[in-house]
Amino acid sequence: MDITTINDTDLERYITDVMLEIGVPAHLKGYYYLRNAIMMTGRDIEVVTSVTKLMYPVIARHFNTTDQKVERAIRNAIEVSWERGNSRTFEKLFGYSVKDGRARPTNSEYIARIADKVRLDIKSM
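The structure displayed is predicted, hence computed values, not measured ones.

Along helix 3 (residues 51-63), the positions that sit buried rather than exposed are Val51, Met55, Tyr56, Pro57, Ile59 and Ala60. Of the surrounding elements, those touching the buried residues of helix 3 are helix 2 (29-43), helix 4 (67-84) and helix 6 (107-123). Count one or two residues on from helix 3 and you reach Asn64, which has phi positive near 55°.

Another aspect to go through is the side chain of Ser81. Along the chain, Ser81 falls in helix 4. The exposure class of Ser81 is buried, given its relative accessible area of 0%. For Ser81, the contacting residues outside a window of four places in its chain are Ile22, Gly23, Val24, Phe90 and Tyr110.

Before going further, it helps to examine the pattern of salt bridges. In the structure shown here, the tally under the stated rule is eight salt bridges. Salt-bridge contacts for Glu79 lead to Arg104; the nearest nitrogen and oxygen are separated by 3.6 Å. Taken as a pair, Glu79 in helix 4 and Arg104 in the loop between helix 5 (87-94) and helix 6 lie far apart in primary sequence, 25 residues in all. Residue classification places Arg104 among the partly exposed positions, given a relative accessible area of 22%.

Attention now goes to helix 2. The end-to-end C-alpha distance of helix 2, which contains 15 residues, comes to 22 Å, matching closely the 21 Å that a straight helix rising 1.5 Å per residue would cover. Buried residues dominate helix 2, accounting for twelve of its 15 residues. Among all positions in helix 2, only Gly30, Tyr31, Tyr33, Leu34, Arg35, Asn36, Ala37, Ile38, Met39, Met40, Thr41 and Gly42 are buried. Taken together, the buried residues of helix 2 touch helix 1 (8-22), helix 3, helix 4 and helix 6.

Under the definition given, this model contains nine aromatic pairs. Taking the centre distance of 5.0 Å and the plane angle of 65° together, the rings of Tyr33 and Phe63 count as edge-to-face. In this pair, Tyr33 is assigned in helix 2 and Phe63 in helix 3, connecting sequence segments 30 residues apart. Owing to a relative accessible area of 6%, Tyr33 belongs among the buried residues under this scheme. For Phe63, a relative accessible area of 30% translates into the label partly exposed. Measuring from ring centre to ring centre gives 6.1 Å for Trp82 and Phe94, while their planes differ by 85°; the resulting arrangement is edge-to-face. Remark: Phe94 occurs in helix 5 and Trp82 occurs in helix 4; sequence separation between them is twelve residues. For the pair Trp82 and Phe94, a shared accessibility class is recorded, and that class is buried.

Analysis parameters
Numbering of residues starts from 1 in every chain and runs along the sequence as written. A pLDDT threshold of at least 70 governs which residues receive local features in this predicted model, and a stricter bar of 80 or more applies before side-chain atom pairs are shown or counted, although totals over entire chains, interfaces and linings include all residues. As a rule here, side-chain values cover all heavy atoms of the structure and leave hydrogens and water aside. Note on classification: 1.4 Å probe, protein chains only; a residue is buried when its accessible area is under 20% of the maximum for its type, exposed when over 50%, partly exposed between these limits. We count a stretch as a helix when DSSP gives it H or I for four or more residues in a row; a strand needs E for two or more, and each element gets its number in order from the N terminus. The contact criterion used is simple: two residues touch if any of their non-hydrogen atoms lie within 4.5 Å. We define a salt bridge as a contact between a side-chain nitrogen of Lys or Arg and a carboxyl oxygen of Asp or Glu at a distance within 4 Å. Here, expected helix span is obtained from the residue count minus one, scaled by 1.5 Å. Stacked, edge-to-face and tilted labels apply to pairs of Phe, Tyr and Trp rings (six-membered ring for Trp) whose centres lie within 6.5 Å, assigned for plane angles under 30 degrees, over 60, and everything in between, in that order.

Rendered as structure tokens:
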């Protein structure tokens with residue numbers, strides 16, 4: 001199965017499950033922006049190469065906010081999940097976690113890795 005054949009609702013549900021497993025708190029605005037960013041990247045990996053020029057402005061328009069607020073909210077959601085989330089899951093996904101003393105991944109690294117996991121999982125279904 002290919003990610004392009006999955007409807008948006010099912011893809012959103014799957015990404016939500018992954019995000020909750022990682023420990024992204026659903027009460028943060030960045031949670032919704034991040035889910036949208038992962039969906040966009042899952043459907044088109046080129047989007048992640050231009051987060052500031054393409055991804056953040058598209059998400060900002062969708063949520064009626066600014067791209068700066070989108071970037072900051074996503075960064076905050078990633079920081080919170082990195083510090084409080086499941087370190088075993090992070091080690092599986094990224095090869096390291098906060099326990100290793102390494103800094104959290106950048107927004108684009110985080111988004112790209114989660115989107116890649118989602119794409120591979122769907123391909124194997």
